[in-house]
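# Fold and geometry: a report
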Amino acid sequence: MAYVDPVPPNATVVFEVEVYSVSRGPRSMEAFGEMDLDSDRSLTKDEVKAYLKLEYEKSGKPRDDPFYEKIMADIFRKSDRDIDGVISAKEYNIYDHDEL
Ligand SMILES: [Ca+2]
Ligand SMILES: [Ca+2]
């Protein structure tokens, strides 16, 4: 059992996929509630970034700020349909239900 688990170079990609699958999964609205710190039913960039940061710190792999910025920007590119800088509950939920 001498297997040492180095951080593979593609760990970032794996985690991003996890983040996305969480946002698409059945518990998505629960995750939305966790991210929505001020409970106004919309996610600001700060809220998403704070959530990412928390998740990475929880997993014991904190990253630097530009890293969170990049994932956060990616999430917004995919979720913020009307490009108003916030992800509404509706936009977020589009992953699960295609009703507008
Ligand atoms: Ca909010
Ligand atoms: Ca929006």
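Residues numbered from 1 in each chain as written. Chains lettered and ligands numbered in written order. Predicted model: local features only at pLDDT ≥ 70, side-chain atom pairs only at ≥ 80, totals over all residues.

For the chain, the helix and strand inventory stands at five helices and two strands. Listing every helix and strand of the chain by position from the N terminus yields α-α-β-α-α-β-α. When burial is assessed residue by residue, the chain has 15% of its 100 residues classed as buried. Put simply, of all contacts in the chain between residues at least 6 apart along the chain, 50% involve residues at least 24 apart. (Helix = DSSP H or I, 4+ residues; strand = E, 2+ residues; numbered from the N terminus. Buried ≥ 20, exposed ≤ 12 C-beta atoms within 10 Å, placed from the backbone. Contact = placed C-beta atoms within 7 Å.)

Take the nonpolar core next. Of all hydrophobic cores here, the largest spans eleven residues; its members are Phe32, Met35, Leu43, Val48, Tyr51, Leu52, Ile71, Met72, Ile75, Ile87 and Tyr92. Looking at this core, the elements that each hand over two or more residues are α2 (28–35), α3 (45–58) and α4 (65–79). (Core = buried A, V, L, I, M, F, W, Y, C linked by C-beta atoms within 7 Å.)

With 15 residues, α4 ought to run about 21 Å at 1.5 Å a step, and its terminal C-alpha atoms sit 21 Å apart, in line with that. Considered for burial, the residues of α4 that qualify are Ile71, Met72 and Ile75. Within α4, the buried residues cover an arc of 100° as seen down the axis, which keeps them to one side. What points out from α4, more than 90 degrees from its buried face, is the exposed set Pro66 and Arg77. (Expected span 1.5 Å × (residues − 1). Arc of directions from axis to C-beta.)

For Glu91, the location among the structural elements is in helix α5 (residues 89–93). On a C-alpha basis, the gap between Glu91 and Ser42 in space is 9.0 Å, while along the polypeptide they are 49 residues apart. The contact partners of Glu91, leaving out residues within four places of it in the chain, are Ser79, Asp80 and Arg81.

This part covers the environment of Ile75. Among the structural elements, Ile75 can be located in helix α4. On a C-alpha basis, the gap between Ile75 and Val48 in space is 8.6 Å, while along the polypeptide they are 27 residues apart.

Attention shifts here to the packing of α3 against α4. The N-to-C vectors of α3 and α4 enclose an angle of 125°; their axes lie 9 Å apart at closest approach. When the axis of α3 is compared with that of α4, the two are oblique. The hand of the α3/α4 crossing is right-handed. For the pair α3 and α4, the contacting residues are Lys45, Val48, Lys49, Leu52 and Lys53 in the first and Tyr68, Ile71, Met72, Ile75 and Phe76 in the second. Each residue belonging to the contact of α3 with α4 can be placed in one class, and the counts come to seven nonpolar, no polar and three charged. (Axes fitted to C-alpha atoms, helices over the stretch in contact; angles between N-to-C directions. Parallel < 35°, antiparallel > 145°, perpendicular 65-115°, else oblique. Left-handed = near helix turned anticlockwise from the far one by under 90°. Nonpolar A, V, L, I, M, F, W, Y, C, P; charged D, E, K, R; others polar.)

Let us look at unusual backbone geometry. Positioned with a positive phi, Ser39 is a non-glycine residue whose angle comes to about 50°. For Ser39, the position within the fold is in the loop between α2 and β1 (42–44). With 7 C-beta atoms counted inside 10 Å, the residue Ser39 sits in the exposed group.

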